[in-house]
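# Observations on the three-dimensional arrangement
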Amino acid sequence: MDSLEKQALQVAKEIVVKFIEVGRISPANFAEHFSEIYCEILTTVSGGGVCDPDAAETKKKGV
């Protein structure tokens, strides 16, 4: 995992935590939202590359 991916992961985590705090996302449905948010952030900061949410889910689990 390169630096850009680590930074995108950290930002995605912070955004999801904020959404949980304000009640927009519940801890029960965290997994279905996290990979989408992560991919959107990674796509934006990497200059428009395509991110596969399934691949992001695999990276998040460390598989």
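Residues numbered from 1 in each chain as written. Predicted model: local features only at pLDDT ≥ 70, side-chain atom pairs only at ≥ 80, totals over all residues. Heavy atoms only, no water.

## What to know about helix H2 (residues 30–45)
Given 3.6 residues to a turn, an α-helix orients residues that are three or four positions apart in the same direction. Look at H2: 22 Å from first C-alpha to last across 16 residues, which is about the 22 Å you get at 1.5 Å a residue. Turning to H2, its buried residues are Phe34, Ser35, Ile37, Tyr38, Cys39, Ile41 and Leu42. (Helix = DSSP H or I, 4+ residues; strand = E, 2+ residues; numbered from the N terminus. Expected span 1.5 Å × (residues − 1). Buried < 20%, exposed > 50% of the residue type's maximum accessible area, 1.4 Å probe, protein only.)

## So, helix H1 (residues 3–22)
With 20 residues, H1 extends 29 Å from end C-alpha to end C-alpha; this agrees with the ideal 28 Å at 1.5 Å per step. All buried positions along H1 are accounted for by Glu5, Ala8, Ala12 and Val16. In a view along the axis of H1, the buried residues occupy a sector of 65°, so they form one face of it. Exposed residues on H1 whose side chains face more than 90 degrees from its buried face are Lys6, Lys18, Glu21 and Val22. Gly23 lies just past H1 and shows a positive phi near 90°. (Arc of directions from axis to C-beta.)

Scope: geometric values only; no functional claims are made or implied.
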